[in-house]
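# Structure assessment
Residues per chain are reported as follows:
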Amino acid sequence: MILVLSSTFALLDTKFSLKELIIYLKVKNAVFIVLFQCLFICGGCQAYEISRPQPLSPLEECGYVKLTGHSEMMAYLKKIDSLSDKVQIEVIGKSVEGREIPAVMLSEDKVFGSHRGVKPVVLIFATQHGHEPSGKEAALILIRELATGSLQDVLKELDVLIVPLVNPDGAAKDTRRNANDMDLNRNHVVLSEPESLALHTLFLKWMPEVVVDVHESNCMSNRWLRLGYRKNAEEMFDCVSNLNISPAIMKFSMDVVVPEVGQLVKADGFTFHRYIVGGPPEARRIRHSTTNINDGRQSTGIYNTFSFILEGQKYSGSVNKIERRTAGQISAITAFLKTIAKYREKVLSVARSARQKLLEQRSSGEDVVHIRMDYGADPERKTTTMYPLYDVNSQKKFEKELGNYAPLVKIKKSIKKPVAYIFSKNERRLTELLSRHQIEMYCLKKDTKLKVEEYKILSLTPITEEDKRGEDVEVKVQTKDVTMEEGSVVVFLRQRAGNLIPLLLEPQSNWGICTERSGRKYHFGQYLKEGRQYPILRLMQPVELELKKCEKN
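On to the overall build of the protein, then. Secondary structure summary: the protein contains 14 helices and 25 strands in total. By residue count, 56% of the 553 residues in the protein fall in the buried class. Per element, the accessible surface of the protein, about 24300 Å² overall, is 51% carbon and sulfur.

Now the structure itself:
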């Protein structure tokens, strides 16, 4: 009998090294089952055709020549849902142009999130920037593998929540921003856009212990190319860096999670590094991105979440090298899930302890909040580790020790936290913004005399922090007795958003409602007029108040 060969055996005839072949098969996530039954009687043997992962994602189906469109994505997710009882799909919102934003809940349990005592919830979201498609394409393949394929065992340890496409309008146009010309990854303070609001509503519903925000970073920067090389880290990964987030979360993330993810990604044959921005070092400093809570990583991390950013390597053109780019993202997200599953007990313990501290009663305004920070040099270490680069002239890969490195987050200004903030009921735009963050607010039942701290705005001076323009706000603090009228809004810090609230409301915060940079028409710059009293007051000592829950807008 003539042996029937599949396309896979044709692959073996090509000139792959053993390592390359293993990586190829692993990245493809194909299940190759070859059953040979020797039939000596007929002098031959029978071979069975090799199975393929089903269903193929739209990108796999077309041979990696065309990105997955929105309707194709929705049809594919519906198919996955029909094949597995581990999947639930929820539409969490619609884009500016009316496209649905799906969230896929994957759990081995009948009810998603029903075992929070022993299983962390992990939220993965991708393609906030519409022209960064590999995260979406990887997420679609990973949904299949979690539901029906090679990653099902992960669901024994974790419940996984995936939003594969946050910005469907931008993806349809192959543009960074959404249809309102807003960068969604700079919209997590004002939450003015339906896409970012839907994402935060989902986050606050489930309060996942772990989050990863998946992006791509263009390696073809003109600043680097002019010096003859480009960055060549296929996957860059990093954790939270805002120093108001639990130090225990940052330490475990940096000491354990980031290194272990890196080791697994490198074992898959991809280059890896911690996420860096800036440079080249000859022209600009290099730092580990931002501390700003207006992006996806820090805005979820500020709730004491193990939150991370993943940046795959992107070239000019969204489809250019899309198969390799998608494979790298699959490798990194898989490594991330396996690492979190391995340490799930530690992750649960650290996150819960840190979150509980936000809910503890504060007897006075003695706790400190850091409202200004920036990256700086490490006096004990002048350079990074060796960073992978590509010489565009010799077309060779090499590693370079990067100087002009600012790896340490340094505090520039800290203040004592108040017990609560108080402002007039007439500040409706402010209450609407806080409502979008689901921050608890109370209203005074009657006119009430209080001793408070009040800011007077003295001056605004242009500054540069994290290599971006901002304003240094100088204030004078006055303690005074005021009578707040009935209906005035009181915002206590003893709630799950206790880290977030002062960063939003302090006038000197370089991530607040007055100074955020995502869209001038949305921010509260009118509060920062020189010589004006800042309208948000600080209650520094506990006091008995007659209150009622504020009605929702």
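Taken together, 3 strands build an open sheet; the order of strands is β8-β15-β16 and the sheet is antiparallel. For this open sheet the edge positions go to β8 (229-231) and β16 (396-401), each flanked by a neighbour on one side alone. Sheet twist, expressed as the mean angle between neighbouring strand axes with direction ignored, is 40 degrees.

Within the secondary structure, His273 sits in strand β10 (residues 272-274). Of note is the side chain of His273, whose polar atom sits 3.2 Å from the side chain of Thr385.

Their axes nearest at 9 Å, the elements helix α9 (residues 247-267) and helix α11 (residues 322-342) cross at an angle of 135 degrees. One way to sum up the angle between α9 and α11 is to call them oblique. For the pair α9 and α11, the crossing hand works out as right-handed. Of the residues in α11, those in contact with Val257, Glu260, Val261, Leu264 and Val265 of α9 are Ser331, Ala332, Ala335, Phe336, Thr339, Ile340 and Lys342.

Of the pockets and cavities examined, the largest pocket occupies roughly 970 Å³. Considering the residues around the largest pocket, the lining is formed by 37 residues, among which Arg176, Arg186, Tyr275, Val277 and Lys468 are closest to the centre. Tallied by class, residues from the lining of the largest pocket come to 5 nonpolar, 14 polar and 18 charged. Volume-wise, the second largest pocket comes out at about 810 Å³.

On the surface, Arg223, Arg226, Arg284, Lys468 and Arg517 cluster together into a positively charged patch. Of note, Arg223 is situated in helix α8 (residues 222-225). A relative accessible area of 35% places Arg223 in the partly exposed class.

Where burial is concerned, most of strand β6 (residues 159-163) is hidden: 5 out of the 5 residues are buried. For the crossover from strand β5 (residues 121-126) across helix α5 (residues 134-148) to β6, the handedness is right-handed.

Taken as a whole, this structure holds 6 cavities of 30 Å³ or more when the rule is applied. Its boundaries defined by the atoms lining it, the second largest cavity holds a volume of some 60 Å³. Around the second largest cavity, the lining residues are Glu234, Glu235, Gly312, Gln313, Tyr315, Lys321, Arg324, Arg325 and Gly328. Of all the secondary structure elements, the ones that give two or more residues to the lining of the second largest cavity are β13 (306-314) and α11. Ranked by residue count, the leading element in the lining of the second largest cavity is α11, at 3 residues.

Summing up the model confidence of the protein, the mean pLDDT is 89 and the portion of residues at 70 or higher is 89%. Between residues 1-50, whose pLDDT stays under 50, and residues either more than four places distant or in other chains, the model counts 65 contacts.

Next up on the list: the environment of His273. A relative accessible area of 9% places His273 in the buried class. The spatial distance from the C-alpha of His273 to the C-alpha of Asp238 is 8.7 Å, given a sequence separation of 35 residues.

On to the sheet that holds strand β12 (residues 286-287), then. The strand order β11-β12-β17 describes an open sheet built from 3 strands, whose pairing is mixed. In this open sheet, the two edge strands, each paired with only one partner strand, are β11 (277-278) and β17 (405-406). By the bridge criterion, 2 bridges tie β11 to β12 in an arrangement that is antiparallel. Of the residues in β12, the one forming a bridge with Val277 is Arg287.

Bringing helix α7 (residues 194-206) into the picture now. Helical geometry note: an α-helix holds 3.6 residues per turn, so side chains three or four residues apart project in the same direction. Helix length check: α7 (13 residues) gives 19 Å between terminal C-alpha atoms against 18 Å at 1.5 Å per residue, within 8%. Of the residues trailing α7, Met207 is marked for its positive phi of about 45 degrees.

For the rest of this paragraph, the subject is the packing of aromatic side chains. With the rule as written, the count across this model stands at 13 aromatic pairs. Between Tyr527 and Tyr534 the ring centres are 5.9 Å apart and the planes differ by 90 degrees, which places this aromatic pair in the edge-to-face class. Here the basic side chain of Arg230 rests over the ring of Tyr390, its NZ or CZ set 4.3 Å away from the ring centre. Its end group placed over the ring of Phe524, Arg429 keeps NZ or CZ at 4.3 Å from the ring centre.

Attention shifts here to the environment of Pro407. Inspection of the secondary structure puts Pro407 in the loop between β17 and β18 (408-416). Each C-alpha atom, one on Pro407 and one on Tyr375, is 6.3 Å from the other, the two residues being 32 residues apart in sequence. When sequence neighbours within four positions are dropped, the list of residues in contact with Pro407 reads His288, Tyr375, Gly376, Ala377 and Asp378.

The next thing to look at is the pattern of salt bridges. One pass over the full model with this rule turns up 33 salt bridges. Close ionic contact of Glu90 with Lys205 constitutes a salt bridge, the shortest N to O distance being 3.4 Å. Residue Glu90 is found in strand β3 (residues 87-94), and its partner Lys205 is found in helix α7; the two are separated by 115 residues along the sequence. The partly exposed category is assigned to Glu90, whose relative accessible area is 26%. Across the pair Glu157 and Arg344 runs a salt bridge, and its minimum N-O distance is 2.3 Å. In this pair, Glu157 is assigned in the loop between α5 and β6 and Arg344 in helix α12 (residues 344-359), connecting sequence segments 187 residues apart.

Here is what the cut-offs are and how they apply
Chains are numbered independently. Their residues run from 1 in the order of the written sequence. Thresholds applied to this predicted model are a pLDDT of at least 70 for local features of residues and 80 or more for the giving and counting of side-chain atom pairs; totals over whole chains, interfaces and linings are not thresholded and use all residues. Derived side-chain values reflect all non-hydrogen atoms in the structure, with water molecules and hydrogen atoms excluded from consideration. Runs of H or I in DSSP of at least four residues are treated as helices and runs of E of at least two as strands, each being numbered from the N terminus. Burial classification: accessible surface area is computed with a 1.4 Å probe over protein chains only, and a residue below 20% of its type maximum counts as buried, one above 50% as exposed, and the rest as partly exposed. Here the accessible surface of atoms and residues is derived via Shrake-Rupley with a 1.4 Å probe, and residues count as covered only by protein chains that are part of the display. By definition, two strands form a pair when at least two bridges between them are found by DSSP. Axes here refer to lines fitted to C-alpha atoms; in helices the fit is confined to the stretch in contact. Angles between the N-to-C directions go from 0 to 180 degrees. Here a polar contact is taken to be a pair of N or O atoms separated by no more than 3.5 Å, where protein atoms must pair a possible hydrogen donor with a possible acceptor and residues adjacent in sequence count only if both atoms sit in side chains. Angular relationships are summarised with four words: roughly parallel below 35 degrees, roughly antiparallel beyond 145, roughly perpendicular across 65 to 115, and oblique for the angles in between. In this scheme the crossing of two helices becomes right-handed for a clockwise turn of the near helix relative to the far one and left-handed for an anticlockwise turn of less than a right angle. Residue contacts follow a heavy-atom distance rule, with two residues in contact if any of their heavy atoms lie within 4.5 Å. Of the grid points, spaced at 1 Å and generated over the protein atoms alone, those admitting a 1.4 Å probe that cannot get out make up cavities, while open sets with protein on both sides within 12 Å along at least five of seven lines make up pockets; any residue with an atom within 4 Å of a point is treated as lining. Grid points are joined across faces, edges and corners, and a volume is the space filled by probe spheres set on the points. Charged means Asp, Glu, Lys or Arg here, nonpolar means Ala, Val, Leu, Ile, Met, Phe, Trp, Tyr, Cys or Pro, and polar covers whatever is left, Gly included. Patches were defined on residues exceeding 30% relative accessible area and lacking a salt bridge, with like-charge contacts within 9 Å and nonpolar side-chain contacts (Val, Leu, Ile, Met, Phe, Trp, Tyr) within 5 Å. Should a side-chain nitrogen of Lys or Arg be within 4 Å of a carboxyl oxygen of Asp or Glu, the pair is scored as a salt bridge. In this charge count, Lys and Arg are treated as positive and Asp and Glu as negative; neither His nor the chain ends contribute. Positions of charges follow a simple convention, taking NZ of Lys, CZ of Arg, CG of Asp or CD of Glu. Whether a crossover is right-handed depends on one test, that the path from the first strand over the helix to the second runs clockwise when the strands point away from the viewer. Values of pLDDT, which run from 0 to 100, indicate the predictor's confidence residue by residue. Helices are assigned an expected span. That span is 1.5 Å times one less than the residue count. Any pair of Phe, Tyr and Trp rings, taking the six-membered ring for Trp, is counted once the centres come within 6.5 Å. Such a pair is stacked with planes under 30 degrees apart, edge-to-face with planes over 60 apart, and tilted for the rest. Only lysine NZ and arginine CZ atoms are considered, and such an atom sits over a ring when it is within 6 Å of the ring centre and within 35 degrees of the ring normal.

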